[in-house]
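# Coordinate analysis (summary)
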Amino acid sequence: MKYYSLNHKAPKTTFKEAVIKGLAPDKGLYFPETITPLPASFFKNIDNLSDTEIAFQALHQFVSPDIPEAVLKTIIKETLSFDFPIVKLNESISTLELFHGPTMAFKDVGARFMARCLGYFNKNNTNQVTVLVATSGDTGGAVANGFLGVKGVNVVILYPSGKVSDIQEKQLTTLGQNIKALEVDGVFDDCQDMVKRAFLDQDLTSKMQLTSANSINVARWLPQLLYFIFAYKQLHKTHNEIVFSVPSGNFGNVCAGMMAQQLGLPIKHFIAANNQNNVVTNYLKTEEYSPQPSVQTISNAMDVGNPSNFIRIQEIYKNNFSKLKANLSSFSFTDTETKIALKEIYDTYNYVADPHGAVGYLGCKAYLKAHTNVHCVFLETAHPTKFLDVVEKVIKIEQPLPKQIKGVMNKTKEATKIGSYEELKSFLLH
């Protein structure tokens, strides 16, 4: 498999090089040159396949020949060491729980997969690779956990000061070893801009090998397509028309779902559920794509004003607005609406959602008003205890802490405060 830059001004490259570089030399995101649909028999016989068998068949074309089949099978087995259950709320709405991994967020799969790919590529390499990543919440913890102790890899995580939850901050600032946290005076978009600038800074790139573990990296992004196939396997016998409502920030997850659809997954439609950072909601109304400064909300992992992966979505549809709009709806919700939804989900279904999942639930409800014959699945992307200050205030019930969360609560935060790109550059060079 070859990958090309979406800016179309860089040479095509291999999966290995795309993973190691993260971003193409022309600043573009990498995209696979071909997408070969899986045979119809794959979906027909999906009940007979384990999650690891599904993952191998779905991902093999994207990593071959850079990762041998036996190695890929081992990477997948180690990555998928937890479950992805569907919980039915009513006849029209279910939720897909993606928080059963080590950091209790959907990003565990991509981070673990990428860490193992990079570990394999780096196993005989004496050079250090520095993974530079910006986080609006859960990416940092998932990447820190996934890369902890990986030989030859240093990790530097930038996060916006005061704009991630206490538990999210603990998960990315307390591990030590090869993990370093930088607390940025700014918002997520400032962190992301610094990371992108670093990749293009020849002063840095001539002295060190930088790569990213955000969803801009193909090894972080592509494994997320598995969630949608796993959900289909659990639902297809009872529901003919399945729609996914995806809480969307950087748009890697909904884009991965569309890649699963390109592989032949028979999904009817996608919903991008936005908080007040609603660039894509507005785009689908106006056909004008206008990035905005991000706004802080209680669903902080979605506080992205310029979603990186939207260009990949446009590539899937060859920039055909009408084709995209036929397959993607988008709705935007306020914090007040999100809190009302959290309470409604708990009071009506005795289910505790997190703020991001609540936005996804609202997306389902909005879509179902005009499409009553579908089954809508919202993604529950993080465990509700990662947002205790919001969830407990709304539902008025104290939540027990899972062991993954308890494990970091009493650890000491270690982070370096920075306020400018120059400070980031100085930190990386020393």
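Cut-off values and rules
- Residues numbered from 1 in each chain as written.
- Predicted model: local features only at pLDDT ≥ 70, side-chain atom pairs only at ≥ 80, totals over all residues.
- Heavy atoms only, no water.
- Helix = DSSP H or I, 4+ residues; strand = E, 2+ residues; numbered from the N terminus.
- Rg over C-alpha atoms; globule rule 2.2 N^0.38 Å.
- Buried < 20%, exposed > 50% of the residue type's maximum accessible area, 1.4 Å probe, protein only.
- Contact = heavy atoms within 4.5 Å.
- Areas by Shrake-Rupley, 256 points an atom, 1.4 Å probe, with all protein chains shown as cover.
- Pairing = 2+ DSSP bridges.
- Axes fitted to C-alpha atoms, helices over the stretch in contact; angles between N-to-C directions.
- Core = buried A, V, L, I, M, F, W, Y, C linked by side-chain atoms within 4.5 Å.
- Phe/Tyr/Trp six-rings, centres within 6.5 Å; stacked < 30°, edge-to-face > 60°.

## Describing the overall build of the chain
Regarding its fold elements, the chain presents 20 helices and 14 strands. Taken over C-alpha atoms, the radius of gyration comes to 20 Å for the chain, in line with the 22 Å a tight globule of 430 residues would show. The C-alpha extent of the chain, read off along each of the three principal axes, is 55 × 50 × 45 Å. A total of 430 residues make up the chain; the buried ones form 61% of that total. Across the chain, the fraction of contacts at a sequence separation of at least 24, relative to all contacts at a separation of at least 6, is 77%. For the chain, the exposed surface amounts to about 16800 Å²; the carbon and sulfur share of it is 48%.

## Some points on the sheet that holds strand β1 (residues 2–5)
Spatially, the 3 strands line up as an open sheet ordered β2-β1-β3, and their pairing is antiparallel. The sheet terminates laterally at β2 (13–14) and β3 (30–32), the two strands that pair on one side only.

## A few points about the sheet that holds strand β14 (residues 416–418)
Strands sit in the order β9-β6-β7-β8-β14 across an open sheet of 5 strands; the sheet is parallel. Each edge of the open sheet carries a strand with a single partner, namely β9 (209–211) and β14. Taken over all neighbouring pairs, the strand axes of this sheet differ in orientation by 25° on average, direction set aside. Across the sheet, helix α8 (residues 188–199) lies against β6 (129–134), β7 (153–160), β8 (179–184), β9 and β14, angled at about 150° from β6, the strand it touches most.

## Overview of the nonpolar core
Ranked by internal contacts, the top residues of the largest apolar core, which has 123 residues, are Phe15, Phe113, Phe147, Leu158, Leu225, Phe244 and Leu424. Per-element tally for this core: the top contributor is helix α11 (residues 225–235), with 9 residues. Core analysis: the second largest hydrophobic core is formed by 36 residues, Met104, Ile167, Met302 and Ala382 among them.

## Focus on the packing of aromatic side chains
One pair of aromatic rings is described through two measures. These are the centre distance and the angle between the planes. All told, the structure shown has 20 aromatic pairs when counted by the stated rule. An angle of 45° between the planes, with centres 5.3 Å apart, marks the rings of Phe82 and Phe84 as tilted. For Phe82, a relative accessible area of 11% corresponds to the buried category. Residue classification places Phe84 among the buried residues on the basis of a relative accessible area of 5%.

## Some points on the pairing of strand β5 (residues 93–97)
Of all 5 residues in β5, 5 are buried, a share of seventy percent or more. Along β5, one buried face is formed by Ile93, Thr95 and Glu97 and the opposite face, lined by Ser94 and Leu96, is buried too. Two strands pair when backbone bridges link them, and strand β4 (residues 86–88) and β5 are joined in this way by 3 bridges, in the antiparallel orientation. Bridge pairing in β5 places Val87 opposite Thr95. Inspection of the sheet shows β5 paired to strand β13 (residues 375–380) by 5 bridges, in the parallel sense. Paired with Ile93 across the strands is Cys376, a residue of β13.

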